[in-house]
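# Structure assessment
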Amino acid sequence: GAVVSQHPSWVICKSGTSVKIECRSLDFQATTMFWYRQFPKQSLMLMATSNEGSKATYEQGVEKDKFLINHASLTLSTLTVTSAHPEDSSFYICSAKGLANEQFFGPGTRLTVL
Amino acid sequence: QQQVKQSPQSLIVQKGGIPIINCAYENTAFDYFPWYQQFPGKGPALLIAIRPDVSEKKEGRFTISFNKSAKQFSLHIMDSQPGDSATYFCAASMAGNTPLVFGKGTRLSVIA
């Protein structure tokens, strides 16, 4: 199957700092990537849809100025959590859409904000 | 209208048993129905997927049964093993650049 990587796999930061998470499709091109957030023992919550070369589409309730998404190439999307606070601590997962409509997920990034 | 309802929330089976997880959907525009397996601290891994033009798909020990008229689909795991203990999510999506709609997940425990 197709491989999606995320970096970093975990990050600890101080409150007020910004954190960038990278999502890469390693062996295929993805015009569309998605960013999810997952709390313990819960399902995945879609945050935004990232389309290459255009602005991301955010789900209702997700602050676009806080969660900046950039999809500058067909293999890379980034999520920047700006001015992070403890309530932003979560497991962030990206996915990339393949040609046959399948979605392949990255391994996730555990963010802890102190 | 976008919901996918998944049951049960948790499931315990003995090794060798056949756990069955069920999902139901409302939106008839959905045309892609995948199942994902997720271990703690890892991203979901695509297990098997089906489209509405077939009623069953089998890959190894995993089988999807699909009932278009009832708008339901289910995952069966044959000869389950302790290593299958994980959280399983069903999902659905429409054609195009639309996101997956996930069920709430089923925590499966396979005991030896």
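Structure report, in brief. (Residues numbered from 1 in each chain as written. Chains lettered and ligands numbered in written order. Predicted model: local features only at pLDDT ≥ 70, side-chain atom pairs only at ≥ 80, totals over all residues. Heavy atoms only, no water.)

## As for the overall build of chain B
The criterion, for reference: Helix and strand definitions here come from DSSP, where helices need a minimum of 4 consecutive H or I residues and strands a minimum of 2 consecutive E residues; each element is numbered from the N-terminal end. For this measure, only C-alpha atoms enter the radius of gyration; the expected value for a globule follows 2.2 Å times N^0.38, where N is the number of residues. Using a 1.4 Å probe on the protein chains alone, a residue whose accessible area is under 20% of its type maximum counts as buried, one over 50% counts as exposed, and one in between counts as partly exposed. The contact criterion used throughout is that any non-hydrogen atoms of two residues lie within 4.5 Å. Only the protein chains shown count as cover for residues, and all accessible areas are computed by the Shrake-Rupley method using a 1.4 Å probe. For this count, His and the chain ends are skipped, Lys and Arg are scored as positive, and Asp and Glu as negative. By convention, the charge on Lys lies at NZ, on Arg at CZ, on Asp at CG and on Glu at CD.
Within chain B one finds zero helices and 11 strands. Overall, chain B shows an N-to-C arrangement of helices and strands of β-β-β-β-β-β-β-β-β-β-β. The C-alpha atoms of chain B give a radius of gyration of 13 Å, which matches the 13 Å a tight globule of 112 residues would have. Across its three principal axes, chain B shows a C-alpha extent of roughly 40 × 30 × 20 Å. Counting every position in chain B, which comprises 112 residues, the buried fraction comes to 46%. For chain B, the proportion of contacts with a sequence separation of at least 24, taken over those separated by at least 6, is 53%. As presented, chain B carries roughly 5,600 Å² of accessible surface, and 50% of it is formed by carbon and sulfur atoms. Looking at chain B, you have 11 positive and 7 negative side-chain charges, and the mean spots of the two groups are 6 Å apart.

## Structural notes on a nonpolar patch on the surface
Our working rule: Surface patches are drawn from residues lacking salt bridges whose relative accessible area is over 30%; two like charges belong together within 9 Å, two nonpolar side chains (Val, Leu, Ile, Met, Phe, Trp, Tyr) within 5 Å. Basic side-chain nitrogens of Lys or Arg form a salt bridge, by our definition, when they fall within 4 Å of a carboxyl oxygen of Asp or Glu.
A cluster of nonpolar side chains, contributed by A:W10, A:I12 and A:L114, occupies part of the molecular surface with about 390 Å² of accessible area. We classify A:L114 as exposed; its relative accessible area is 61%.

## A look at the state of the cysteines
The cut-off we apply is this: The disulfide definition used here is simple: a pair of cysteine sulfur atoms within 2.5 Å.
Tallying each qualifying case throughout the model produces two disulfides over all chains. A sulfur-sulfur separation of 2.0 Å characterises the disulfide bridge that pairs A:C23 with A:C94. Handedness here is read from the sign of the S-S torsion; for A:C23 and A:C94, about 80°, the answer is right-handed. One end of the pair, A:C23, is in strand β3 (residues 19-25); the other, A:C94, is in strand β9 (residues 90-97), with 71 residues separating them in the sequence. Using a relative accessible area of 0% as the deciding quantity, one classes A:C94 as buried. Residue B:C23 pairs covalently with B:C90 via a disulfide, S to S 1.8 Å. An S-S torsion of about -95° defines the bridge between B:C23 and B:C90 as left-handed. Here B:C23 is found in strand β3 (residues 20-25), whereas its partner B:C90 is found in strand β9 (residues 86-92), with 67 residues between them in sequence. B:C90 matches B:C23 in its accessibility class, with the two residues each being buried. A:C94 provides the cysteine sulfur closest to A:C13, a residue in no disulfide bond, and the two sulfurs are 18 Å apart. Accessibility expressed as a relative area gives 10% for A:C13, which makes it buried.

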